[in-house]
Amino acid sequence: MKVAIVGAGAIGGLIGTKLAATGEAQVSALARGATLAALRERGWRVKQGESLAAAPVAAAHPLEDAAKLGVQDVVVIAVKGPALTQVAASIGPLLGPDTIVLPAMNGVPWWFCKGIAPFGDEPLTSVDPGGAIGAAIPLANVVGCVVHASAATPEPGLVDHKMGRGLILGEPGGGVSERVQKLAALLERAGFEAKASENVRQDIWYKLWGNLTMNPVSAITGATIDRVLDDPLVRAFCSAAMTEAATIGGKIGCVIDQSPEDRHAVTAKLGAFKTSMLQDVEAGRPIELNALVSVVREMGQKLSIATPNIDALLGLARLFGRVKGLYPQ
């Protein structure tokens, strides 16, 4: 099996290393700059505690060398949301009619509302402006994915795996297909807790329901999530925004059967945890605001659902990002 990892950062590097270590797949990577150089020199590397796992990799530049890798069986996209449009335009040489495209990314993916009234086939402007991503990656090739793992990159090409091994896979239109079952089994053998889901859209929305508030609030304040939840006013604001998101979910078949307080109790178990968006701010990287917050507001507008708390959250996070140079003007 040929697998290409597009975006060999924390999550991409984790998946790539574990798959390569099984010996069942020929795992390559598309990367740039210092990450590309590190992969070519040292291969895949994942640190967990005191142990270090390593595996060889064929590393290529997405614009210069992608065609040399040829058509793949699986393409894992593990980039940040702001980079996806450019990535989608560059991976054509990797895609054949039967290639599985697995977006292992945060937030609402570009395909999420395809075929759902009143969205129809119109792209979600927040995550696919102009429909460029959907045009470049056929929906028939996509398998939905939810990542429940935390990792960081202390240096280019090195992944520090903090916690979690969960991967949820499913067909965008629902149901469990043979290709999803086979891919889940491969990832299970690679050491992940991989699950084939009957309704991956529900799983995506449930994860988003928590990330919608914790990520941007932590990014704006610099607080770990324990401190966010310990402040009663901030906690109540997060709950109000989550209630709005749950209402949207109910209108698109992604019902949330918990209260915000139920979810806060789950999140609190992570302790003094830095969200991925806070890590991006600290590293001076662009923030993934559109796929986590902007798109929820856009969906609410399409459904004529008022989202005053999500609007306020988006406005504050957007302004913060622009002041810091981490979000487009």
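Residues numbered from 1 in each chain as written. Predicted model: local features only at pLDDT ≥ 70, side-chain atom pairs only at ≥ 80, totals over all residues. Heavy atoms only, no water.

Right, let's talk about the packing of helix H12 (residues 289-302) against helix H13 (residues 308-324) for a bit. Two elements in contact, H12 and H13, have axes separated by 9 Å at closest approach and are oriented at 145°. Remark: the crossing between H12 and H13 carries left-handed chirality. Contacts between H12 and H13 involve Leu 289, Val 293, Ser 294, Val 296 and Arg 297 from the former and Ile 310, Asp 311, Leu 314, Ala 317 and Arg 318 from the latter. Of the residues assigned to the contact of H12 with H13, the class counts are six nonpolar, one polar and three charged. (Axes fitted to C-alpha atoms, helices over the stretch in contact; angles between N-to-C directions. Helix = DSSP H or I, 4+ residues; strand = E, 2+ residues; numbered from the N terminus. Left-handed = near helix turned anticlockwise from the far one by under 90°. Contact = heavy atoms within 4.5 Å. Nonpolar A, V, L, I, M, F, W, Y, C, P; charged D, E, K, R; others polar.)

What follows is about the domain arrangement of the chain. Structurally, the chain comprises domain 1 (2-198) and domain 2 (202-324). Facing the 29 residues of domain 1 at the interface are 25 residues of domain 2. The junction of domain 1 with domain 2 conceals about 2300 Å² of combined surface from both sides, 65% of it contributed by carbon and sulfur atoms. The interface formed by domain 1 and domain 2 contains two salt bridges. For the salt bridge of Glu 288 with Lys 80, the shortest nitrogen-to-oxygen distance reads 3.8 Å. Connecting domain 1 to domain 2 are 11 residue pairs in polar contact (both at pLDDT 80 or more). Looking at the side of domain 1 that touches domain 2, the elements that each hand over two or more residues are strand S8 (144-155) and strand S9 (158-170). When residues of the side of domain 1 that touches domain 2 are assigned to their parent elements, the largest contribution, seven residues, is made by S8. Here the side of domain 1 that touches domain 2 is built from residues that sort into 20 nonpolar, eight polar and one charged. (Domains from an automatic or database assignment. Buried area = accessible area lost by both parts, 1.4 Å probe. Salt bridge = Lys/Arg side-chain N within 4 Å of Asp/Glu carboxyl O. Polar contact = N/O pair within 3.5 Å; in protein donor to acceptor, adjacent residues only side chain to side chain.)

Right, let's talk about the packing of aromatic side chains for a bit. Scanning the model with the defined rule gives three aromatic pairs in all. With 6.2 Å between their ring centres and 45° between their planes, Trp 111 and Phe 112 make a pair best called tilted. For Trp 111, a relative accessible area of 3% gives the class buried. Of the residues examined, Phe 112 reaches a relative accessible area of 1% and is grouped as buried. Ring centres 6.2 Å apart and planes at 35° place the aromatic pair Tyr 206 and Trp 209 in the tilted group. With Tyr 206 and Trp 209 both in helix H7 (residues 200-221) and three residues apart, the pair spans about one turn of that helix. Linked through ring pairs, Trp 111, Phe 112 and Trp 205 together constitute an aromatic cluster. (Phe/Tyr/Trp six-rings, centres within 6.5 Å; stacked < 30°, edge-to-face > 60°. Buried < 20%, exposed > 50% of the residue type's maximum accessible area, 1.4 Å probe, protein only.)

Those residues carrying the UniProt feature "domain: Ketopantoate reductase N-terminal" (unreviewed entry) are residues 3-171 in this numbering. Annotated as 23% helix and 33% strand, the span residues 3-171 places its first and last C-alpha atoms 19 Å apart. (UniProt positions renumbered as here; feature names shortened; annotations may be inferred.)

The end-to-end C-alpha separation of H13 is 24 Å, in line with the 24 Å expected for 17 residues at 1.5 Å each. Among the structural elements, H7, helix H9 (232-251), helix H11 (276-283) and H12 are those in contact with the buried residues of H13. Two residues or fewer past H13, Gly 325 is found with a positive phi of approximately 75°. (Expected span 1.5 Å × (residues − 1).)

Turning our attention to the sheet that holds strand S7 (residues 100-103). With respect to topology, five strands assemble into an open sheet ordered S5-S2-S1-S6-S7, the strand pairing being parallel. Lying at the two open borders of the sheet, with one neighbouring strand each, are strand S5 (58-60) and S7. The sheet shows a mean angle of 20° between the axes of neighbouring strands, direction not considered. As defined by bridge partners, strand S6 (residues 74-77) adjoins S7 across four bridges and the pair is classed as parallel. Paired with Val 75 across the bridge in S7 is Val 101. Packing of helix H1 (residues 10-22) onto the sheet brings it into contact with strand S1 (2-6), strand S2 (26-30) and S6, and relative to S1 it is tilted by some 160°. (Pairing = 2+ DSSP bridges.)

So, on to the environment of Val 296. Examined against the element boundaries, Val 296 turns out to sit in helix H12. Owing to a relative accessible area of 0%, Val 296 belongs among the buried residues under this scheme. Sequence-distant contacts of Val 296, that is, excluding residues within four places in its chain, are made with Trp 205, Leu 208, Leu 212, Ala 245, Ile 248 and Ile 310.

A separate point is the environment of Ala 219. Topologically, Ala 219 is positioned in helix H7. Between the C-alpha atom of Ala 219 and that of Ala 317, which follows or precedes it by 98 residues, the distance is 7.9 Å. Filtering out sequence-adjacent residues up to four positions away, Ala 219 remains in contact with Met 277, Leu 278, Val 281 and Phe 320.

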